[in-house]
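# Coordinate analysis (summary)
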Amino acid sequence: MSTVNNMTRSPPPMPEFELSHDEQVYLASLPVQDAYNWVSQRQSKMLRCYHSLRALQNSLIPANRLPNELLVMIFRFVETGQYEPEWTRYIYMRWFKLMGVCRHWRAIALATPYLWAKIDITKSMDFTRMCLERSQNAMLEIFMAECIPPERDHDLFLALPGMSEVLARHSTRIRYLRLPHLTLADGVHLFPWPIALMSGLEILELKPHSLEQGPLMLPSNLAFPKLHSLSLSQRLFHPNHPVLNNLVELELDHSLEGFATSMDSLLGILERCPELVQLSLRSCGPHLPDETTAYPEPARLVFLSKLRSLTLWSTPTSIPYFLAHLELPITTNVELRSVDANVDFDDENLAIFTSLLPRDHSKILRLATVQFVQLSLTDEMLELRIYQYPGTGLKGTLLEIAYDEAQDRSTEVLLRRALREVTQLFKSSPVIQMTLMGHRDALTVGDWVDALECMPRLKYLDFNTGLTASIGEVRALFIALGRACDDASGGVPCPDLESIEIANPPMANGVAELLIDCLEFRAEKGTRLAELALFCEIVYEDIALQGKHQEKLKALVDEFFYNPPYDSLPGR
C-alpha cells in the first residue's frame, strides 16, 4: 500500500467568488426577480464560505490551539487574579469581555459551568436565572454587592420573594453565601433567605451594611455539616450553636454584645472549634471598664492547637484579658489593634505596646525568633510589627500591635518612648533589621545611643524621617553611629551594620560633613558600610546633597544610591 506525502499533495481548488461569463449571460436572460433571488442565494453561500474560512483561520492561531482546559484556567485567572487586593474579592465576571474575542472563546466560556457559578443576586432576576442555568450542576457562590445604589433599594426589595423562590430550587448547590443585612431607605429589613436547606454550604458570611439596626439572633435550627468558614456581624448566637462544628475560619464582628457573661460565651465558642486555623474578633467579647488596672486571673484556658492567625480588635484593657485565656502555637501570627481613641499617651507610666500583651509575654511573643522590628508613627496610627526574618513581606509576621484613631497626642515624645520600649523589649532578641517610620520626630543622640546598644547584631537600618523631618533627628543618628562605644573595647555601635536607608534626609548645616565623618570613623574601625541609600521624595531645599559630598560618600561605601529632590534635577 502506498503512502501519500502530505508535503507533496496538491491543494484542492479554491472556490470561485467571481461570476463566470456563462453565469453573467445566464443572469441577463432571467427576469429581474429571478435574477435577484439567484444572486441572493449565491451571496448567502459565499458568506457561509467566508465565515467558515474565518473560523478556520482563527482556529489556527496559537491562542486558539491551546487545550480547552488551559484556556479555562486563563479565564479563571482573569476572574480571580493571583495578586488581587482584598477589596476586589467581590468584583467578578471580569472575564466576560473575553467572550467578545472570537466565537471559539465565547463557546468555551458558555460551556464552562464554573464561570457562571459566582452570582451577584443584586443584578436582576433575569441575570440570576441565566447564571443558574449556565452553571448547570456546579457549586454556587451567591453574594450581594457591597454597595447598592439608593435608587435600586426599593426594586431589590420587591424582587426578593421571587429571588428567594429561585434560589430555593438550587439550595443544595450553594457552597458560598454572603448576604449583608441591608437596610432600605424606609427602614424595612430584608427578610431572611432560605438557607436552612443548604446542605452543601461551606462558607457563610452574614454582615450588615451598617451598624445602626442592632444585633439579630442567628436562628438555632441552622446546621450546615460542611461549613468550615463563618463570618458574622451583629449576629448573636449561643456557644452551643450547631454552625460551630468543623469550623476552620471564624470571624465575629459585634457578635457577642449583649451577653451578660461574654467571656464565658466566647470561650465556649472557641472550645467548640478545635480545628480553627484563622480567628478574627472585632469589638467582641469582654469590655472591661477603662479604669481597670488589673484584670482577674483566667479561670480556664482554651488551647487552639491549629491556629495560624489571630486578629483581635478591642479596647486596651480587654485585649490582654482575652489573651490570658488562650494557649496558642508558637507559629501563630497575632494582630492586636486598639480601637479606643481615649488612650492617654501623655501618661508616662503607660507601657505603649506591652500593656496590650498578657502578663506572661511568652504566650504571644517569642523573643528568641524575632529578627525584624518595624515601628511606624503617623497622625492616625501607631504601629509595631515584628517579623521572624528580615525583609518586607508579611509571611513571616509574628506580631502586629497598633493603635487606631489616637489623635491629639505629642508624637515627638511618643516616638521616643515607643523606640525606647521596643528596643528594651527586644534586647535579648537576634534583631538584625529595624525600620523606623514617622514624622515630627525629635530623637536625641541619647535616644539613638540607647537604641543601638540594645541591638548589637543590627545589619539593616531603615530610617524614614517622613515628610516634615527635622535636621536634629538625622544628625543625632549619625553622631550615635560615629562614636566609640563606652565599654573598654573601643569599638563602634552595631559593628555588623551593612546597610542604611534614609528617606528625605536634611543635609544642610553641616549634616553632610557629619555623615562623611561618621562613615570614615567606622571604616577606620573595620566596619565599612556596604550600602548607603538617600531617597529624597519631597521638594525641600535642605535635603539636596552637593556634588562634592556625593563623591566622598561613593568612596566610603561599596554601593551608594542617591535620589535628589525633584526640583534639583537638571532642567528643573
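Throughout what follows, the structure given in this document is the object of discussion.

Thresholds applied
Once a new chain begins, its residue numbering starts again from 1 and follows that chain's sequence as written. Local features in a predicted model are, by the rule used here, given only for residues with pLDDT of at least 70; side-chain atom pairs are given and counted only at 80 or more, and totals for whole chains, interfaces and linings are based on all residues. The basis for every side-chain value is the complete set of heavy atoms in the structure, and neither hydrogens nor water enter the calculation. A run of H or I in DSSP becomes a helix once it reaches four residues, and a run of E becomes a strand once it reaches two; helices and strands are each numbered from the N terminus. Under the scheme applied here, a residue whose accessible area is under 20% of the maximum for its type counts as buried, over 50% as exposed, and between as partly exposed, the area being computed with a 1.4 Å probe on protein chains only. Exposure was quantified through the Shrake-Rupley algorithm and a 1.4 Å probe, taking into account, for residues, occlusion by the shown protein chains and nothing else. Think of it as the arc spanned by the lines of direction from the helix axis to the C-beta atoms. Centres within 6.5 Å make a pair out of two Phe, Tyr or Trp rings, where for Trp the six-membered ring is used; the pair is then stacked when the planes are under 30 degrees apart, edge-to-face when over 60, and tilted otherwise. Should the NZ of a Lys or the CZ of an Arg lie within 6 Å of a ring centre and within 35 degrees of the ring normal, that charge is described as sitting over the ring. We define a polar contact as two N or O atoms separated by no more than 3.5 Å, with the added condition that, inside protein, one atom must be a possible hydrogen donor and the other a possible acceptor, whereas residues neighbouring each other in sequence contribute only through side-chain atom pairs. In what follows, a contact means two residues having at least one pair of non-hydrogen atoms within 4.5 Å. Any carboxyl oxygen of Asp or Glu within 4 Å of a side-chain nitrogen of Lys or Arg constitutes a salt bridge here. When DSSP finds two or more bridges between two strands, those strands count as paired. With the strands aimed away from the viewer, a crossover counts as right-handed if its path from the first strand over the helix to the second runs clockwise. Note on definitions: angles span 0 to 180 degrees between N-to-C directions of axes, and those axes are lines fitted to C-alpha atoms, for helices only across the stretch in contact. Note that the term roughly parallel is reserved for angles under 35 degrees, roughly antiparallel for angles over 145, roughly perpendicular for angles of 65 to 115, and oblique for everything else. Here is the rule for handedness: rotate from the far helix to the near one, and if that takes an anticlockwise turn smaller than a right angle the crossing is left-handed, while a clockwise turn gives right-handed. Residue types Ala, Val, Leu, Ile, Met, Phe, Trp, Tyr and Cys, when buried and joined through side-chain atoms within 4.5 Å, form a set referred to as a nonpolar core.

### Examining the overall build of the protein
Each helix and strand counted, the protein has 13 helices and 21 strands in total. A buried classification covers 45% of the 572 residues belonging to the protein. Split by element, the accessible area of the protein, about 30000 Å² in all, is 54% carbon and sulfur.

### What to know about helix α5 (residues 125–134)
Among all positions in α5, only M125, F127, T128, C131 and L132 are buried. Considered in projection along α5, the buried side chains sweep an arc of 165 degrees and stay on one side of the axis. Projecting away from the buried face of α5 at angles above 90 degrees are the exposed residues D126 and E133. A positive backbone phi angle near 55 degrees is found at Q136, which sits one or two residues after α5.

### With respect to the packing of aromatic side chains
What the rule picks out here adds up to seven aromatic pairs. Aromatic pair W95 and F96: ring centres 5.8 Å apart, planes at 50 degrees, arrangement tilted. Accessibility expressed as a relative area gives 0% for W95, which makes it buried. Each ring, one from W95 and one from W116, has its centre 5.1 Å from the other, and the planes form 85 degrees; the classification is edge-to-face. Placement of W95 in the loop between α3 (68–80) and α4 (103–110) and of W116 in the loop between α4 and β1 (118–120) is noted, with a sequence separation of 21 residues between them. Grouped by ring-pair contacts, the aromatic residues F75, W95, F96, W105 and W116 constitute a single cluster. Positioned above the aromatic ring of W116, the side-chain terminus of R134 is 4.6 Å from the ring centre. The side chain of R282 reaches across the aromatic face of W313, ending 4.1 Å from its centre.

### Points about the side chain of E335
Structurally, E335 is set in strand β13 (residues 333–338). For E335, a relative accessible area of 18% corresponds to the buried category. One polar contact links E335 to R337, side chain to side chain, over a distance of 3.2 Å. In this structure, E335 is in contact with L310, T311, L312, W313 and E400, ignoring residues within four places of it in sequence.

### Section: the pattern of salt bridges
Inspection of the entire model under this criterion finds 14 salt bridges. Sharing partners across several salt bridges, the network here consists of E335, R337, E383, R385 and E400.

### Describing the pairing of strand β2 (residues 140–143)
Bridging between β1 and β2 involves three bridges; their strand directions are parallel. Considered in β2, the bridge of D120 is made with F143. Each parallel crossover has a hand, and for β1 linked through α5 to β2 it is right-handed. Across four bridges, the pairing between β2 and strand β3 (residues 174–178) is parallel. What sits directly across from L140, in β3, is I174.

### Considering the packing of helix α12 (residues 511–524) against helix α13 (residues 547–556)
Where α12 contacts α13, the two axes come as close as 10 Å, and the packing angle between them is 15 degrees. Here α13 runs roughly parallel to α12, going by the angle between their axes. Where α12 crosses over α13, the handedness of that crossing is left-handed. Counted together, A512, E513, L515, I516, L519 and E520 of α12 and H549, K552, L553 and L556 of α13 form the full contact between these two elements.

### Side note on the nonpolar core
Membership of the largest hydrophobic core comes to 130 residues, with the highest contact counts inside it found for F426, W448, L532 and L534. Not counting chain neighbours up to four residues away, the residues in contact with F426 comprise L365, L367, V370, V373, L384, I386, V431 and C454.

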